[in-house]
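Here is how the chains run, residue by residue.
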Amino acid sequence: MNRSLERYVKSGYRRVEGWLLPGAVQMIIACAGVQTARGVKGHVAEIGVHHGKFFILLYLLKAAGEKAVAVDLFGEQEKNIDGSGEGNLAKLNENLQKHAGNNDVIICAGDSAKITGNSLIEAAGGKFRFVSIDGGHTAAITAHDLATAETALAPGGIVILDDYFNEMWPEVSVGTTNYFSAPRGIAPFAIGANKVLFCHSDYAHAYSEAVKLNCPAYVERNFLGARVVCAEFAKPALAVRIGRQGWWKLLRETPPGRMLRALYKLVSPRLP
Ligand SMILES: C[S@@+](CC[C@H](N)C(=O)[O-])C[C@H]1O[C@@H](n2cnc3c(N)ncnc32)[C@H](O)[C@@H]1O
(Lines give C-alpha, C1' and ligand atoms only; values in the text may rest on other atoms or scores of the structure.)
Protein backbone atom coordinates (compact mmCIF):
# COMPACT_ATOMS: atom_id res chain seq x y z
CA MET A 1 0.00 0.00 0.00
CA ASN A 2 1.50 3.38 -0.95
CA ARG A 3 1.94 6.09 1.72
CA SER A 4 -0.91 8.34 0.51
CA LEU A 5 -3.32 5.44 0.38
CA GLU A 6 -2.24 4.28 3.84
CA ARG A 7 -2.77 7.79 5.29
CA TYR A 8 -6.16 8.18 3.59
CA VAL A 9 -7.40 4.81 4.80
CA LYS A 10 -6.08 5.27 8.32
CA SER A 11 -7.58 8.68 9.00
CA GLY A 12 -7.79 10.97 5.94
CA TYR A 13 -11.14 9.76 4.62
CA ARG A 14 -12.82 10.55 7.92
CA ARG A 15 -12.09 14.23 7.27
CA VAL A 16 -13.86 14.29 3.90
CA GLU A 17 -17.61 14.88 4.03
CA GLY A 18 -19.61 12.07 2.44
CA TRP A 19 -20.72 8.48 2.88
CA LEU A 20 -18.21 5.65 3.20
CA LEU A 21 -18.09 2.83 5.74
CA PRO A 22 -14.75 1.32 6.80
CA GLY A 23 -15.92 -2.12 5.60
CA ALA A 24 -16.32 -0.79 2.06
CA VAL A 25 -12.75 0.49 2.14
CA GLN A 26 -11.56 -2.98 3.20
CA MET A 27 -13.53 -4.74 0.44
CA ILE A 28 -12.36 -2.41 -2.33
CA ILE A 29 -8.71 -2.61 -1.28
CA ALA A 30 -8.96 -6.42 -1.21
CA CYS A 31 -10.45 -6.44 -4.73
CA ALA A 32 -7.79 -4.02 -5.98
CA GLY A 33 -5.20 -6.54 -4.74
CA VAL A 34 -6.83 -9.22 -6.92
CA GLN A 35 -6.76 -6.82 -9.88
CA THR A 36 -3.02 -6.32 -9.43
CA ALA A 37 -2.43 -10.07 -9.12
CA ARG A 38 -4.58 -10.87 -12.17
CA GLY A 39 -3.26 -8.00 -14.30
CA VAL A 40 -6.61 -6.20 -14.53
CA LYS A 41 -6.01 -2.70 -15.85
CA GLY A 42 -8.20 0.28 -16.58
CA HIS A 43 -9.32 3.67 -15.39
CA VAL A 44 -11.52 4.40 -12.37
CA ALA A 45 -14.75 6.41 -12.28
CA GLU A 46 -17.48 7.45 -9.94
CA ILE A 47 -20.95 8.70 -10.85
CA GLY A 48 -21.97 10.93 -7.92
CA VAL A 49 -18.86 12.10 -6.10
CA HIS A 50 -20.21 14.77 -3.68
CA HIS A 51 -16.94 15.98 -2.05
CA GLY A 52 -14.85 13.00 -3.14
CA LYS A 53 -14.85 10.71 -0.09
CA PHE A 54 -15.01 7.48 -2.12
CA PHE A 55 -13.62 8.95 -5.34
CA ILE A 56 -10.32 9.74 -3.59
CA LEU A 57 -10.00 6.10 -2.53
CA LEU A 58 -10.46 5.00 -6.15
CA TYR A 59 -7.96 7.65 -7.25
CA LEU A 60 -5.38 6.33 -4.79
CA LEU A 61 -5.92 2.75 -5.99
CA LYS A 62 -5.34 3.47 -9.67
CA ALA A 63 -1.98 2.81 -11.25
CA ALA A 64 0.21 5.55 -12.75
CA GLY A 65 -1.18 6.74 -16.07
CA GLU A 66 -4.70 5.49 -15.36
CA LYS A 67 -7.35 8.20 -15.27
CA ALA A 68 -9.94 8.98 -12.58
CA VAL A 69 -13.24 10.27 -13.95
CA ALA A 70 -15.65 12.17 -11.67
CA VAL A 71 -19.24 12.49 -12.91
CA ASP A 72 -21.53 14.80 -10.95
CA LEU A 73 -24.12 17.53 -11.38
CA PHE A 74 -21.90 19.79 -9.26
CA GLY A 75 -23.28 23.33 -9.82
CA GLU A 76 -26.53 22.10 -11.44
CA GLN A 77 -28.19 20.94 -8.23
CA GLU A 78 -31.63 21.97 -9.53
CA LYS A 79 -31.35 18.74 -11.60
CA ASN A 80 -30.72 16.66 -8.46
CA ILE A 81 -34.30 15.41 -8.53
CA ASP A 82 -34.11 13.12 -5.50
CA GLY A 83 -31.84 15.34 -3.40
CA SER A 84 -29.09 12.76 -3.01
CA GLY A 85 -26.01 14.58 -1.73
CA GLU A 86 -24.81 17.86 -3.19
CA GLY A 87 -21.77 17.73 -5.42
CA ASN A 88 -19.33 20.60 -5.03
CA LEU A 89 -16.42 20.87 -7.46
CA ALA A 90 -14.42 23.34 -5.35
CA LYS A 91 -14.62 21.01 -2.31
CA LEU A 92 -13.74 17.99 -4.47
CA ASN A 93 -10.64 19.76 -5.80
CA GLU A 94 -9.65 20.91 -2.32
CA ASN A 95 -9.98 17.36 -0.94
CA LEU A 96 -8.12 15.84 -3.88
CA GLN A 97 -5.32 18.34 -3.36
CA LYS A 98 -5.16 17.59 0.37
CA HIS A 99 -5.32 13.78 0.20
CA ALA A 100 -4.24 12.63 -3.23
CA GLY A 101 -3.30 15.12 -5.93
CA ASN A 102 -5.25 15.76 -9.09
CA ASN A 103 -3.11 14.55 -11.95
CA ASP A 104 -5.12 12.42 -14.34
CA VAL A 105 -8.49 13.58 -12.95
CA ILE A 106 -11.20 14.15 -15.54
CA ILE A 107 -14.28 16.08 -14.48
CA CYS A 108 -17.54 15.29 -16.28
CA ALA A 109 -19.95 17.90 -14.94
CA GLY A 110 -23.61 17.26 -15.72
CA ASP A 111 -26.48 14.82 -15.55
CA SER A 112 -25.36 11.17 -15.68
CA ALA A 113 -28.47 10.44 -17.77
CA LYS A 114 -26.68 12.22 -20.62
CA ILE A 115 -23.62 9.99 -20.29
CA THR A 116 -23.20 6.56 -21.88
CA GLY A 117 -20.60 3.87 -21.34
CA ASN A 118 -19.03 4.81 -24.66
CA SER A 119 -18.80 8.50 -23.77
CA LEU A 120 -17.10 7.53 -20.50
CA ILE A 121 -14.62 5.36 -22.41
CA GLU A 122 -14.01 8.20 -24.83
CA ALA A 123 -13.42 10.68 -21.98
CA ALA A 124 -10.77 8.47 -20.36
CA GLY A 125 -9.36 6.90 -23.53
CA GLY A 126 -10.16 3.34 -22.51
CA LYS A 127 -12.20 1.02 -20.28
CA PHE A 128 -12.47 0.98 -16.48
CA ARG A 129 -11.35 -1.33 -13.69
CA PHE A 130 -13.69 0.33 -11.14
CA VAL A 131 -16.94 2.21 -11.76
CA SER A 132 -18.78 3.37 -8.66
CA ILE A 133 -22.47 4.31 -8.89
CA ASP A 134 -23.71 6.77 -6.27
CA GLY A 135 -25.40 9.58 -8.24
CA GLY A 136 -29.14 10.02 -8.65
CA HIS A 137 -31.02 7.43 -6.58
CA THR A 138 -34.22 7.04 -8.65
CA ALA A 139 -35.01 3.69 -10.31
CA ALA A 140 -34.55 5.14 -13.80
CA ILE A 141 -31.20 6.80 -13.04
CA THR A 142 -29.91 3.69 -11.24
CA ALA A 143 -30.76 1.45 -14.22
CA HIS A 144 -29.21 3.96 -16.63
CA ASP A 145 -26.01 4.28 -14.57
CA LEU A 146 -25.71 0.48 -14.32
CA ALA A 147 -25.86 0.26 -18.12
CA THR A 148 -23.21 2.99 -18.41
CA ALA A 149 -20.96 1.21 -15.92
CA GLU A 150 -21.34 -2.24 -17.49
CA THR A 151 -20.57 -0.91 -20.98
CA ALA A 152 -17.49 0.95 -19.73
CA LEU A 153 -16.11 -1.99 -17.73
CA ALA A 154 -12.75 -3.55 -18.66
CA PRO A 155 -12.46 -7.36 -18.48
CA GLY A 156 -12.19 -8.13 -14.75
CA GLY A 157 -13.41 -4.67 -13.74
CA ILE A 158 -15.83 -4.09 -10.87
CA VAL A 159 -19.05 -2.07 -10.67
CA ILE A 160 -19.67 -0.77 -7.15
CA LEU A 161 -23.28 0.15 -6.38
CA ASP A 162 -24.16 2.18 -3.28
CA ASP A 163 -27.39 2.11 -1.25
CA TYR A 164 -29.11 -0.98 -2.70
CA PHE A 165 -29.95 -2.09 0.84
CA ASN A 166 -30.46 1.40 2.26
CA GLU A 167 -34.08 1.74 3.38
CA MET A 168 -33.92 5.50 2.76
CA TRP A 169 -33.39 4.88 -1.01
CA PRO A 170 -35.78 2.08 -2.04
CA GLU A 171 -35.69 3.03 -5.73
CA VAL A 172 -32.05 1.96 -6.03
CA SER A 173 -33.12 -1.67 -5.56
CA VAL A 174 -36.07 -1.21 -7.97
CA GLY A 175 -33.77 0.19 -10.67
CA THR A 176 -31.26 -2.60 -10.11
CA THR A 177 -33.80 -5.42 -10.30
CA ASN A 178 -35.26 -3.80 -13.42
CA TYR A 179 -31.79 -3.71 -14.98
CA PHE A 180 -31.09 -7.34 -14.10
CA SER A 181 -34.49 -8.53 -15.39
CA ALA A 182 -32.71 -8.93 -18.76
CA PRO A 183 -29.59 -11.10 -19.23
CA ARG A 184 -26.42 -9.15 -18.39
CA GLY A 185 -22.69 -9.69 -18.70
CA ILE A 186 -22.03 -8.85 -15.05
CA ALA A 187 -23.37 -10.39 -11.85
CA PRO A 188 -23.09 -9.55 -8.15
CA PHE A 189 -20.38 -11.29 -6.14
CA ALA A 190 -20.36 -9.45 -2.80
CA ILE A 191 -22.57 -7.36 -0.55
CA GLY A 192 -21.26 -5.42 2.42
CA ALA A 193 -20.97 -2.02 4.09
CA ASN A 194 -23.82 -0.54 1.98
CA LYS A 195 -22.20 -1.59 -1.31
CA VAL A 196 -23.03 -4.31 -3.84
CA LEU A 197 -20.14 -5.36 -6.08
CA PHE A 198 -20.58 -6.79 -9.61
CA CYS A 199 -18.08 -8.29 -12.07
CA HIS A 200 -17.78 -10.61 -15.08
CA SER A 201 -18.35 -14.24 -14.08
CA ASP A 202 -14.78 -15.46 -14.70
CA TYR A 203 -13.47 -13.12 -11.98
CA ALA A 204 -16.22 -13.70 -9.39
CA HIS A 205 -14.47 -16.53 -7.55
CA ALA A 206 -11.19 -14.64 -7.04
CA TYR A 207 -12.96 -11.49 -5.85
CA SER A 208 -15.34 -13.38 -3.52
CA GLU A 209 -12.43 -15.20 -1.91
CA ALA A 210 -10.62 -11.90 -1.36
CA VAL A 211 -13.70 -10.39 0.30
CA LYS A 212 -14.10 -13.47 2.54
CA LEU A 213 -10.48 -13.17 3.67
CA ASN A 214 -10.88 -9.49 4.46
CA CYS A 215 -14.09 -9.35 6.51
CA PRO A 216 -14.70 -10.48 10.07
CA ALA A 217 -17.75 -12.63 9.21
CA TYR A 218 -19.77 -13.64 6.16
CA VAL A 219 -22.47 -15.89 4.80
CA GLU A 220 -23.07 -16.93 1.18
CA ARG A 221 -26.48 -16.35 -0.41
CA ASN A 222 -28.19 -16.34 -3.80
CA PHE A 223 -28.87 -12.85 -5.15
CA LEU A 224 -29.95 -11.70 -8.63
CA GLY A 225 -29.11 -15.13 -10.05
CA ALA A 226 -25.59 -15.39 -8.60
CA ARG A 227 -23.88 -16.72 -5.48
CA VAL A 228 -22.67 -13.77 -3.37
CA VAL A 229 -20.63 -13.24 -0.24
CA CYS A 230 -22.59 -11.19 2.30
CA ALA A 231 -19.88 -9.61 4.42
CA GLU A 232 -20.58 -8.43 7.95
CA PHE A 233 -18.32 -5.64 9.14
CA ALA A 234 -20.30 -4.16 12.03
CA LYS A 235 -19.22 -5.57 15.36
CA PRO A 236 -22.19 -7.55 16.76
CA ALA A 237 -23.40 -6.77 20.29
CA LEU A 238 -21.60 -8.62 23.11
CA ALA A 239 -24.63 -10.83 23.77
CA VAL A 240 -24.73 -11.89 20.11
CA ARG A 241 -21.00 -12.63 20.09
CA ILE A 242 -21.33 -14.74 23.26
CA GLY A 243 -24.38 -16.50 21.79
CA ARG A 244 -22.23 -17.70 18.86
CA GLN A 245 -19.59 -19.30 21.11
CA GLY A 246 -19.42 -23.08 21.32
CA TRP A 247 -18.91 -22.97 25.10
CA TRP A 248 -22.10 -20.92 25.52
CA LYS A 249 -24.11 -23.38 23.40
CA LEU A 250 -23.03 -26.11 25.85
CA LEU A 251 -23.74 -23.95 28.91
CA ARG A 252 -27.02 -22.24 27.96
CA GLU A 253 -29.40 -25.11 28.94
CA THR A 254 -27.61 -25.94 32.21
CA PRO A 255 -28.80 -24.40 35.54
CA PRO A 256 -25.99 -21.74 35.59
CA GLY A 257 -26.73 -20.96 31.91
CA ARG A 258 -30.45 -20.53 32.63
CA MET A 259 -29.61 -18.30 35.58
CA LEU A 260 -27.36 -16.09 33.40
CA ARG A 261 -30.11 -15.84 30.75
CA ALA A 262 -32.70 -14.84 33.36
CA LEU A 263 -30.30 -12.22 34.70
CA TYR A 264 -29.64 -10.92 31.16
CA LYS A 265 -33.41 -10.61 30.53
CA LEU A 266 -33.73 -8.50 33.67
CA VAL A 267 -30.93 -6.07 32.84
CA SER A 268 -31.04 -5.93 29.02
CA PRO A 269 -32.68 -2.86 27.42
CA ARG A 270 -36.29 -3.41 26.32
CA LEU A 271 -37.81 -2.24 23.07
CA PRO A 272 -40.76 0.16 23.60
C1 LIG B 1 -24.86 10.43 -2.20
S2 LIG B 1 -23.93 11.65 -3.00
C3 LIG B 1 -22.45 10.83 -3.43
C4 LIG B 1 -21.59 10.49 -2.26
C5 LIG B 1 -20.17 10.12 -2.61
N6 LIG B 1 -20.10 8.95 -3.47
C7 LIG B 1 -19.30 9.93 -1.40
O8 LIG B 1 -18.34 9.14 -1.47
O9 LIG B 1 -19.53 10.52 -0.35
C10 LIG B 1 -24.76 11.79 -4.54
C11 LIG B 1 -24.10 12.69 -5.55
O12 LIG B 1 -24.72 12.47 -6.81
C13 LIG B 1 -24.88 13.71 -7.48
N14 LIG B 1 -26.03 13.52 -8.40
C15 LIG B 1 -27.34 13.43 -8.10
N16 LIG B 1 -28.07 13.22 -9.19
C17 LIG B 1 -27.20 13.14 -10.23
C18 LIG B 1 -27.34 12.96 -11.64
N19 LIG B 1 -28.53 12.78 -12.21
N20 LIG B 1 -26.22 12.98 -12.39
C21 LIG B 1 -24.98 13.17 -11.84
N22 LIG B 1 -24.81 13.34 -10.52
C23 LIG B 1 -25.88 13.34 -9.72
C24 LIG B 1 -25.09 14.73 -6.38
O25 LIG B 1 -24.71 16.02 -6.80
C26 LIG B 1 -24.21 14.17 -5.26
O27 LIG B 1 -22.94 14.76 -5.29
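Residue positions are given per chain, counting from 1 as you read along its sequence in written order. Local features in this predicted model are restricted to residues whose pLDDT is 70 or higher, and side-chain atom pairs enter the listing and the counts only when it is 80 or higher, whereas totals over whole chains, interfaces and linings include all residues.

## Description of the pairing of strand β9 (residues 226-232)
DSSP bridges decide pairing: two strands pair if at least two such bridges lie between them. Elements are defined by DSSP. Helices are runs of H or I of four residues or more, strands are runs of E of two residues or more, and each kind is numbered from the N terminus. Sheet analysis places strand β6 (residues 187-192) next to β9, joined by two bridges and oriented parallel. Bridge pairing links A190 to V229 in β9. Pairing analysis gives seven bridges linking strand β8 (residues 217-223) to β9, with the strands arranged antiparallel. Residue pairing in the sheet places E220 in a bridge with V229 of β9. What sits between the antiparallel neighbours β8 and β9 is a turn of two residues, in which L224 has the positive phi angle 50 degrees.

## Points about the domain arrangement of the chain
Domain delimitation in this document rests on an assignment produced automatically or drawn from a domain database. Domain annotation of the chain identifies domain 1 (3-232) and domain 2 (238-267). Each of domain 1 and domain 2 was reduced to a C-alpha centroid, and the two centroids are 42 Å apart.

## Some thoughts on the packing of helix α1 (residues 3-10) against helix α3 (residues 53-61)
Between the N-to-C directions of two axes lies an angle of 0 to 180 degrees, each axis being a line fitted to C-alpha atoms and, for a helix, fitted only over the stretch in contact. Where α1 contacts α3, the axes come no closer than 9 Å and their chain directions differ by 155 degrees. Taken together, α1 and α3 sit at an angle that is classed as roughly antiparallel. α3 is crossed by α1, and the crossing has left-handed handedness. On the side of α1, the interface is formed by S4, L5 and Y8, while α3 contributes I56, L57, L60 and L61. Of the residues belonging to the contact of α1 with α3, the class tally is six nonpolar, one polar and no charged. Any angle from 65 to 115 degrees is called roughly perpendicular, while one under 35 is roughly parallel, one over 145 is roughly antiparallel, and all others are oblique. Handedness of a crossing follows from how the near helix is turned relative to the far one, being left-handed for an anticlockwise turn of less than a right angle and right-handed for a clockwise one. Residue pairs qualify as contacts under a 7 Å threshold applied to their C-beta atoms, which are placed from the backbone. Only Asp, Glu, Lys and Arg are considered charged, only Ala, Val, Leu, Ile, Met, Phe, Trp, Tyr, Cys and Pro nonpolar, and every remaining residue, Gly among them, polar.

## Quick notes on helix α4 (residues 89-99)
Spacing of three or four residues puts side chains on the same side of an α-helix, whose turn is 3.6 residues. Restricting attention to buried positions, one finds in α4 the residues L92, N95, L96 and H99. When α4 is viewed along its axis, its buried side chains cluster within an angular range of 100 degrees and face the same direction. Structural note: α4 exposes A90 and Q97 on the side pointing more than 90 degrees away from its buried face. As for α4, its buried residues are in contact with α1, α3, β2 (68-72) and β3 (105-109). Two residues or fewer after α4 comes G101, characterised by a positive phi angle close to 115 degrees. Any residue with 12 or fewer other C-beta atoms within 10 Å of its own C-beta is exposed, any with 20 or more is buried, and the rest are partly exposed; the C-beta atoms used are placed from the backbone. Directions are taken from the helix axis to each C-beta atom, and the arc is the one they span.

## What about the site of the ligand?
Being near a molecule or strand means, for a residue, that its backbone-placed C-beta atom lies within 6 Å of it. For the ligand, the set of nearby residues contains 24 residues, the closest of which are G18, G48, F54, G85 and G87. Those elements that provide at least two residues to the shell around the ligand are α3 and β2. Partitioned by chemical class, the residues of the shell around the ligand number eight nonpolar, 10 polar and six charged.

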